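For reference, the chains in residue letters:
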Amino acid sequence: VVATALAVPYATGLWDPTATAEYPNIPDDTWQAVTHIPDSTGLDTLVWDFAEGDGVMYVAGSFAEVREGGGKATTSQPYLAAFDLETGDWMRSFRPKLDGTVYTIEVAANGSRLYAGGEFSGGLTALNPVTGAVDTSFEATVAGSGLPLVQDIELSGNDLYIGGAFSSLRDG
C-alpha cells in the first residue's frame, strides 16, 4: 500500500480544496512524497520538515519515493526532495544521496546552501540547493555512540546551531 504524505500545494497553503479557482496554475496531479515501508509508528510516511528558498519547497522525512498525483508511477527519491513552489512539480534535478532519515533542513539566507540534519552518516551536511550534491567545502559532522542524530538546525546570520543526540561536533 502506498500512502500519500504530502501534496505540496496543499501542505504549503497554495491549494485550498474549497477554492481551487484561486490557483488555476496548480494542477490536480501534484507530486507527493510516498513510501511502501511502514515505520515504528505505524504510519506509512513521515515528513519531518519543510524549507522554502528561491521558489522551491524542500521536503525532508523518512519517505522513500516521490509520485505524481493520480496514482501514477513512483520514482525513488528517499529522505529529501524538492518541489516547484508555483506548480507543485517534483524537481528532477535535485537528487541528494543520503542514507537515512532527514529530520531538519534550512536554506542559507543567500540561497547558496541547503543544510540537512538527521539520522544519516555524519548526521549533518550542506547541499547544493539546485542539484542536491554535497557541498564539500562544508566539513562539519557530528559523532556519537552509534548513528548520530541531528533533530534541529537554526541559522542566525552566518551561525549554524544544531540540536540532537550526539556527543561531539567535528569541523573538518
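Before reading on, note that the structure itself is shown above.
Note that the structure is a prediction, hence the values are computed from the model and not measured.

1. Brief notes about the overall build of the chain
Part 1 of the reasoning: Across its full length, the chain carries one helix and 14 strands.
Part 2 of the reasoning: Residues classed as buried in the chain amount to 40% of the 172 residues present.
Part 3 of the reasoning: Within the chain, contacts between residues separated by at least 24 positions form 49% of all contacts whose residues are at least 6 apart in sequence.
Part 4 of the reasoning: Of the roughly 8,800 Å² of accessible surface on the chain, a fraction of 49% belongs to carbon and sulfur atoms.

2. Section: the nonpolar core
Part 1 of the reasoning: Judged by nonpolar contacts, the single largest core of 15 residues is most densely connected at Y58, L80, F94, V102, I105, L114 and A116.
Part 2 of the reasoning: Of all the secondary structure elements, the ones that give two or more residues to this core are β4 (56–61), β7 (80–84), β8 (102–107) and β9 (114–118).

3. Re the sheet that holds β7
Part 1 of the reasoning: If you trace the three strands from one edge of the open sheet to the other, you get β3-β4-β7, paired in antiparallel fashion. Lying at the two open borders of the sheet, with one neighbouring strand each, are β3 (47–53) and β7. Between one strand and the next, the sheet's axes are offset by a mean angle of 20°, whatever the strand orientation.
Part 2 of the reasoning: Looking at chain direction, β3 and β4 are connected through six bridges and run antiparallel. Residue V47 lies in a different strand from β4, and its bridge partner there is G61.

4. Details of the packing of aromatic side chains
Working definition: an aromatic ring pair is given by the centre-to-centre distance plus the angle between the planes.
Part 1 of the reasoning: Enumeration over the complete set of coordinates arrives at three aromatic pairs.
Part 2 of the reasoning: An angle of 70° between the planes, with centres 5.4 Å apart, marks the rings of Y115 and F138 as edge-to-face. Pair noted here: Y115 is in strand β9 and F138 is in the loop between β10 (124–127) and β11 (140–143), with a separation of 23 residues, a long-range link. Each member of the pair, Y115 as well as F138, carries the same accessibility label: buried.

Criteria and thresholds
Residues numbered from 1 in each chain as written. Predicted model: local features only at pLDDT ≥ 70, side-chain atom pairs only at ≥ 80, totals over all residues. Heavy atoms only, no water. Helix = DSSP H or I, 4+ residues; strand = E, 2+ residues; numbered from the N terminus. Buried < 20%, exposed > 50% of the residue type's maximum accessible area, 1.4 Å probe, protein only. Contact = heavy atoms within 4.5 Å. Areas by Shrake-Rupley, 256 points an atom, 1.4 Å probe, with all protein chains shown as cover. Core = buried A, V, L, I, M, F, W, Y, C linked by side-chain atoms within 4.5 Å. Pairing = 2+ DSSP bridges. Axes fitted to C-alpha atoms, helices over the stretch in contact; angles between N-to-C directions. Phe/Tyr/Trp six-rings, centres within 6.5 Å; stacked < 30°, edge-to-face > 60°.

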